[in-house]
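One-letter residues, chain by chain:
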Amino acid sequence: MKAISCPRCSSSNPIKSGIVKGRQRYHCKTCRYYFTVFKKGKSTEPYYVIKALQLYLEGVSLREIERLLGISHASVHNWIKKANLQLPPSPSYRPAYKVLSHAELNQFLQDPAILRKAGCMITELGDKFMVIRWERFRK
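The structure presented is a predicted model; accordingly, all values stated were derived computationally and were not measured.

### Section: the confidence of the model for the protein chain
Low-pLDDT stretches of the model should not have their predicted coordinates read in fine detail.
And then number 1: When the pLDDT values of the protein chain are averaged, the result is 83; 87% of them are 70 or greater.
And then number 2: Confidence scores differ between elements of the protein chain, with strand 4 (residues 93-100) showing the lowest mean pLDDT of 77 and helix 3 (residues 73-83) the highest of 94.

### Observations regarding the pairing of strand 2 (residues 23-28)
And then number 1: Across five bridges, the pairing between strand 1 (residues 14-20) and strand 2 is antiparallel. Bridge assignment links Ile-19 to a residue of strand 2, and that residue is Gln-24.
And then number 2: Remark: two residues form the turn of the hairpin made by strand 1 and strand 2, two consecutive strands paired antiparallel; Lys-21 in that turn has positive phi of roughly 50°.
And then number 3: With three bridges joining them, strand 2 and strand 3 (residues 34-36) adopt antiparallel strand pairing.

### Some thoughts on the packing of aromatic side chains
And then number 1: Per the counting criterion, the structure on display carries three aromatic pairs.
And then number 2: Where Tyr-33 meets Phe-35, the ring centres are 6.1 Å apart and the plane angle is 10°; that geometry is what we call stacked.
And then number 3: Aromatic side chains Tyr-47 and Tyr-48 sit 5.2 Å apart centroid to centroid with 85° between the ring planes, which places their arrangement in the edge-to-face category.
And then number 4: Looking at Tyr-48, the relative accessible area reads 30%, which means it is partly exposed.

Rules and cut-offs
- Residues numbered from 1 in each chain as written.
- Predicted model: local features only at pLDDT ≥ 70, side-chain atom pairs only at ≥ 80, totals over all residues.
- Heavy atoms only, no water.
- pLDDT = per-residue confidence, 0-100.
- Helix = DSSP H or I, 4+ residues; strand = E, 2+ residues; numbered from the N terminus.
- Pairing = 2+ DSSP bridges.
- Phe/Tyr/Trp six-rings, centres within 6.5 Å; stacked < 30°, edge-to-face > 60°.
- Buried < 20%, exposed > 50% of the residue type's maximum accessible area, 1.4 Å probe, protein only.

As structure tokens, then:
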């Protein structure tokens, strides 16, 4: 168990001093400060944060990112605001994506006609691969 230390003076000799709203309260013997230890909130692995931001920059919508990664679109939106990201203007292209296994990816790349007239990016998505293609809007 990790030793509790005082947030004010960093002393390592606080004593228990009751429970307030379901949380243990402590009293520091050195500086006479009363404090509670807060639980750390849930956090998402940095891999998924980076992957969500990459997908956003590639033009994938927030709801699609939510479906692909299983992370709330509101969380993705908060990460985007925190990173201060802006989408580059690209009115003539739209992304289309597919999630493929390794064998499906090999078969997909065998046909050169699929990749003609489109930009393509392949990224790892857990144990699968995501192929993002940019196709021109048809007029």
